[in-house]
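Read off the chains here:
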Protein chains: 2
Amino acid sequence: MTDGQSPMSAAQQSPATVAELTTPALVIDKPTFDANCAAMDAVLPGLKLRPHVKAFKSTDLARQLADAGHTAFCAATVRELEGMAAAGLDHDLLLANQTLDAPRLAALSAQADVTIAIDSDETLQAAIDGGVKKVLIDVEVGMPRCGCSPEEAPRLAEKARAAGIDVRGVMGYEGHLMMVMDRESKARKVERAMAILLEAHEKVGGDVVSGGGTGTFDINTWVTEIQAGSYVVSDTHYDQLDSPFKQAMSVVATVISVNSKGWAVVDAGLKAFGLDHGEPTWPDGTLMFCSDEHSTLAQRADDLKLSVGDRVMLRPAHVDPTVARHEQFWVTDGDTIVDRWAIDLRHW
Amino acid sequence: MTDGQSPMSAAQQSPATVAELTTPALVIDKPTFDANCAAMDAVLPGLKLRPHVKAFKSTDLARQLADAGHTAFCAATVRELEGMAAAGLDHDLLLANQTLDAPRLAALSAQADVTIAIDSDETLQAAIDGGVKKVLIDVEVGMPRCGCSPEEAPRLAEKARAAGIDVRGVMGYEGHLMMVMDRESKARKVERAMAILLEAHEKVGGDVVSGGGTGTFDINTWVTEIQAGSYVVSDTHYDQLDSPFKQAMSVVATVISVNSKGWAVVDAGLKAFGLDHGEPTWPDGTLMFCSDEHSTLAQRADDLKLSVGDRVMLRPAHVDPTVARHEQFWVTDGDTIVDRWAIDLRHW
C-alpha cells in the first residue's frame, strides 16, 4: 500500500453501477460532459481553446479533449505539467503560472515541449536555469495576482530573447470578471482588461495572446486562445451564468442516519468538496451544513423522504478544489459506470 | 507512477531544511507538537484519551501517540480503520461513525479489534453482516447529526446483544459546543448534553461513555474517554479558545510574484487548505484572498517586505480538511526537517 492509496478490493475498483460505488464518490455524467465539450468546440475549435488541466487534474480526461483536437494544454503547477508529459500529452504545454523550481523545469524541458509564463527577472532566470526554450510574458490585467505591467513586459521579453528564449507572446487572466452577470457590462470590462494585454502584446510581439476562462469563453474575442477547464463539468457557481454548460459532476453519498426530529445524514462531508464557493447543493432538498465526513440534510415534508441506505447526489459549488480531493472520476451514463478516469495530477 | 503520487526525485523526497521543500508543503513544528501532546497527557493520560485520527490521517503521527500510551484510537471512515489496522495500531479501534459497508467491515473485523458506532436497525444489521463483535450505541446529544434518542438506545442495545454482539456502552458528540467561548456557559451546556448521554448509558449499560473533542477536553468530565485529534497541531479556529494547545502546523509557500501596486503572490492557494473555517492567516501581514494555486498577500508599508523567492508560513483555519489535501507532514525543528510523516489515511 502506497501513501494515499486505498486498499480497495478488485470488486470495489470495478463497480458496474452507481449503487456499487464506495461512497463518497465523484461521478461525471458522460452525456452532459459530451454536450459541454460540444458546446465549447462549436465556439472554440482546436487550438482556439487551450484546456486548463487545473480544473480536472486528470490525464484520462485530458485525452478526451486532445482526441477532439484540443492538443495544446495549460496548467497551474509543475506537477500537472510533469503528469501531462509522462502521459504523452505534451504537444504544446503551457505553465500558465510562475515558478522558481528550475531543477524540475530542467527535467521537464528535456522531455517535453514546454512554455512557461514569466513576469519578473527571477522567474525569467528560473526559465533560463531550467533550460526552458519558450515563454509567454504574463501581464496583470486588473486582477491582483501574477503578471507584470505592460510597460515592464517589453524589457522582460528583450532580456529573454537575449538569453536565446523564444518569446511566443503574452498572457493575461481576467479572473476578476468571470462572474460579472450582465453580458454587456462584462464585454466592456473584458475589452478594457484585454486592451492592457494587447498594449503589452504590441510591444512584446509573438503569435500568442492567451487569456480567458470558462466565464468569458465567448466574450473574450481579443485573445488568440482561451484558457478554460471548468466548462467540462461546471458547478453551482458557474451555473449562475447564462452559459451552455450544464453541471455534469456530482458527489454520490449514502444516507447513514435519519433522525425523527427532521434531518438525515449522508457520508459525504466537507473533505469531499471544496467549500470556498460555498457548500454543496442537494437538488432534492436543503443541505443544512457540512461536517468533516457528514452532510446534514433537512427532511421537510416537501422534501424527498430519505431512508438509511438511500443514495443522494450532491452538486459541488467549485469544480477545481472538489476534484483535487478525489482519486478518480467515475464516468456514468444513467446508473451504469462506463469509465474510470484517474485524477492523477494532484499535489505539487 | 501510481495515481496521485508525485514523481519526485530522491532529493526532493529527502529535503534537509525547510528551504529545500517543494512548495506548498505542510510542516509541523515538532517542539510545539510535543508541547501540545504533553498538555493533553497531563489532563487525559493513556486510555482517558481516544485520539481521533480523522484530524491528522497519519499512522506515523498516530504511532507517536500510541508510544505515549494512547493506544485506543477512533476514526471517522472505514478507510482510516483499514489503514490503522494495516499499520498494527489496532489494539482498540472505534469507528465513531455510522457505516453500511458490511463487506469492508467483514475484512476489518477478521483482522483487527474493531468497535463501531450504531444508531439504527440498518447500521446494526451492517455490523452483524460484517461480523463486528463490539458496538457503541451512538446517541444524539444536541447536534443535528448522527445518533439515536436516549429512548431508542436500549432497544438497539438489546437487539445487538441478542445477536451476540458486545455492547460496550454509548457515545455522543457535543460538537455544537466546541466553540462556546465562555467557560462557565460551556460547562453548563456540556453538562446538559452529557445528561442525555448518561440517561442513555444507564439504560444501555457497558463500561464506555465516549464523547468530547479538543474544544471540551478538560470540561467534559462526564465521559470515560475523550475523542480528540485537532489538539496535536491546532489551527486558527481553535486558537480562539483559551486552551493550552498552540498552532504547530503551517503551509510553507514561495513568493512567485511581487506587484508594485502593493501585493505579493505565493504558490499556496485554496487547494492547499480547507477553507470551511475561513482563509488561512499570514502572521506577518494580511492575506487578501486565495485562488486555486495562489494566495495574494498585501504588501503594506508596515508589513514584512517580500521579494520573489522568499518563503512564508501560512496558518490554516481548520486542521482536518487541510491535512486531507496533503501527502505528508514535514516535521521540523527550527529550519531543520527532522522527520516525514505520511498522510496515508486519506480518501474513502
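Every value quoted in this text rests on a predicted model; they were computed, and no experiment measured them. (Residues numbered from 1 in each chain as written. Chains lettered and ligands numbered in written order. Predicted model: local features only at pLDDT ≥ 70, side-chain atom pairs only at ≥ 80, totals over all residues.)

Within chain A, the secondary structure is distributed over 9 helices and 16 strands. Its C-alpha radius of gyration of 22 Å places chain A within 12% of the 20 Å reference for a compact globule of 348 residues. Referenced to the eigenvectors of the C-alpha coordinate spread, the extents of chain A come out at roughly 70 × 50 × 35 Å. Sequence separation of 24 or more characterises 61% of the internal contacts of chain A that already satisfy a separation of 6 or more. (Helix = DSSP H or I, 4+ residues; strand = E, 2+ residues; numbered from the N terminus. Rg over C-alpha atoms; globule rule 2.2 N^0.38 Å. Contact = placed C-beta atoms within 7 Å.)

Moving on, we get to the interface of chain A and chain B. In this complex, chain A contributes 56 residues to the contact, which on the side of chain B involves 56 residues. When contributions to the side of chain A that touches chain B are tallied by element, the ones reaching two or more residues are helix H4 (78-86), helix H6 (121-129), strand E10 (249-259), strand E11 (263-266), strand E12 (287-290) and helix H9 (319-323) of chain A. In terms of residue count, E10 of chain A provides more of the side of chain A that touches chain B than any other element does, 4 residues in total. In terms of residue class, the side of chain A that touches chain B is built from 20 nonpolar, 20 polar and 16 charged. (Nonpolar A, V, L, I, M, F, W, Y, C, P; charged D, E, K, R; others polar.)

Residue and element names in this part refer to chain A. Remark: helix H7 (residues 153-162) packs on helix H8 (residues 183-204), axes separated minimally by 8 Å, with the N-to-C direction vectors making an angle of 35°. In the packing of H7 onto H8, the handedness of the crossing is right-handed. Two secondary-structure elements touch here, H7 through Ala153, Pro154 and Ala157 and H8 through Ala200, Lys203 and Val204. Along the lines of polarity and charge, the residues of the contact of H7 with H8 split into 5 nonpolar, no polar and 1 charged. (Axes fitted to C-alpha atoms, helices over the stretch in contact; angles between N-to-C directions. Left-handed = near helix turned anticlockwise from the far one by under 90°.)

Our next topic: the domain arrangement of chain A. Where the parts come together, the accessible area they lose is often given as the size of the interface. Residue and element names in this part refer to chain A. What the domain assignment lists for chain A is domain 1 (15-27 + 245-342) and domain 2 (30-232). For domain 1 and domain 2, the distance between their C-alpha centres works out to 32 Å. Counting from both sides, the interface comprises 14 residues of domain 1 and, opposite them, 17 residues of domain 2. Residue assignment for the side of domain 1 that touches domain 2 shows that the elements contributing at least two residues are H9, strand E15 (328-333) and strand E16 (336-342). No other element matches E15, which puts 4 residues into the side of domain 1 that touches domain 2. Its residues assigned to classes, the side of domain 1 that touches domain 2 shows 10 nonpolar, 1 polar and 3 charged. (Domains from an automatic or database assignment.)

All names here are of chain A. Ordered by their spatial adjacency, 8 strands build an open sheet running E2-E9-E8-E7-E6-E5-E4-E3, and the pairing between neighbours is parallel. Looking at which strands have only one partner, the edges of the open sheet turn out to be strand E2 (49-51) and strand E3 (72-75). When strand polarity is set aside, the average angle formed by the axes of neighbouring strands in this sheet is 25°. (Pairing = 2+ DSSP bridges.)

This part is about the confidence of the model for chain A. Residue and element names in this part refer to chain A. When pLDDT is averaged across chain A, the result is 95; 96% of the residues are at 70 or more. This model gives residues 1-7 a pLDDT under 50, and the stretch forms 17 contacts once residues within four places in sequence are excluded. Prediction confidence for the complex, expressed as pTM and ipTM, is 0.95 and 0.95 respectively. (pLDDT = per-residue confidence, 0-100.)

This part takes up the relation of the copies chain A and chain B. With an RMSD of 0.0 Å, chain A superimposes on chain B once it is rotated by 180° and translated 0.0 Å along the axis. Classification of the inter-copy transformation places it as that of a two-fold axis. Both copies contact each other with a shared surface, as 98% of the interface residues of chain A are interface residues in chain B too. (Least-squares fit on C-alpha atoms with pLDDT ≥ 70 in both.)

The periodicity of an α-helix, 3.6 residues per turn, causes residues three or four places apart in sequence to face the same way. All names here are of chain A. Among the 9 residues of H4, 8 are classified as buried, and the element is accordingly described as predominantly covered. Those residues of H4 that are buried lie in contact with helix H3 (59-67), E3, strand E4 (92-95), helix H5 (102-109) and strand E5 (114-118). A positive phi of about 80° marks Gly88, the residue just after H4. (Buried ≥ 20, exposed ≤ 12 C-beta atoms within 10 Å, placed from the backbone.)

Let us look at the pairing of strand E11 (residues 263-266) of chain B. All names here are of chain B. Along E11, one buried face is formed by Trp263 and Val265 and the opposite face, lined by Ala264 and Val266, is buried too. Pairing geometry for strand E10 (residues 249-259) and E11, over 4 bridges, is antiparallel. When the bridges of E11 are listed, Asn259 appears paired with Trp263. Linking two consecutive strands that pair antiparallel, namely E10 and E11, is a turn of 3 residues; a positive phi of about 125° is found at Gly262 within it. Strand direction decides the pairing type here: E11 and strand E13 (residues 295-298), joined by 4 bridges, are antiparallel. Across the sheet, the residue bridging to Val265 is Thr296, located in E13.

Turning to helix H3 (residues 59-67) of chain B, a few remarks are in order. Residue and element names in this part refer to chain B. Residues Thr59, Leu61, Ala62, Gln64 and Leu65 constitute the buried set of H3. Where the residues of H3 are buried, they touch strand E2 (49-51), strand E3 (72-75), helix H4 (78-86), strand E15 (328-333) and strand E16 (336-342). The positive-phi residue at the C-terminal boundary of H3 is Gly69, with phi of around 105°.

Residue and element names in this part refer to chain A. Of the consecutive residues Thr23 and Pro24, the connecting peptide bond is found in the cis state with omega at 0°. Of note, Pro24 is situated in the loop between helix H1 (10-13) and strand E1 (25-29). Here His347, not a glycine, exhibits a phi torsion of approximately 70°, which is positive. For His347, the position within the fold is in the segment after E16. For His347, a count of 22 C-beta atoms within 10 Å gives the class buried.

What follows covers the sheet that holds strand E6 (residues 134-138) of chain B. Residue and element names in this part refer to chain B. Spatially, the 8 strands line up as an open sheet ordered E2-E9-E8-E7-E6-E5-E4-E3, and their pairing is parallel. Both edges of this open sheet fall to E2 and E3, since each of them pairs with a single strand only. Averaged over all pairs of adjacent strands, the angle between strand axes in this sheet comes to 25°, irrespective of strand direction.

This paragraph deals with the environment of Val53 of chain A. Residue and element names in this part refer to chain A. Here Val53 is to be found in the loop between E2 and H3. Here Val53 falls in the buried class, since 26 other C-beta atoms lie within 10 Å of it. For Val53 and Thr216, which are 163 residues apart along the polypeptide, the C-alpha to C-alpha distance reads 17 Å. Contacts of Val53, omitting those with residues within four sequence positions, involve Ala62, Phe73, Ala75, Glu80, Met84, Gly229 and Leu345.

Time to look at the environment of Cys37 of chain A. Residue and element names in this part refer to chain A. Secondary-structure assignment places Cys37 in helix H2 (residues 30-43). Cys37 gets classed as buried once you count the C-beta atoms within 10 Å, which come to 20. Each C-alpha atom of the pair Cys37 and Ala68 lies 8.8 Å from the other, and the pair is 31 residues apart in sequence.

On to the environment of Leu198 of chain B, then. Residue and element names in this part refer to chain B. Tracing the sequence through the fold places Leu198 in helix H8 (residues 183-204). Measuring from C-alpha to C-alpha, the distance between Leu198 and Val209 comes to 7.8 Å, with 11 residues separating the pair along the chain. With residues near it in sequence (within four places) discarded, Leu198 still touches Val209 and Trp222.

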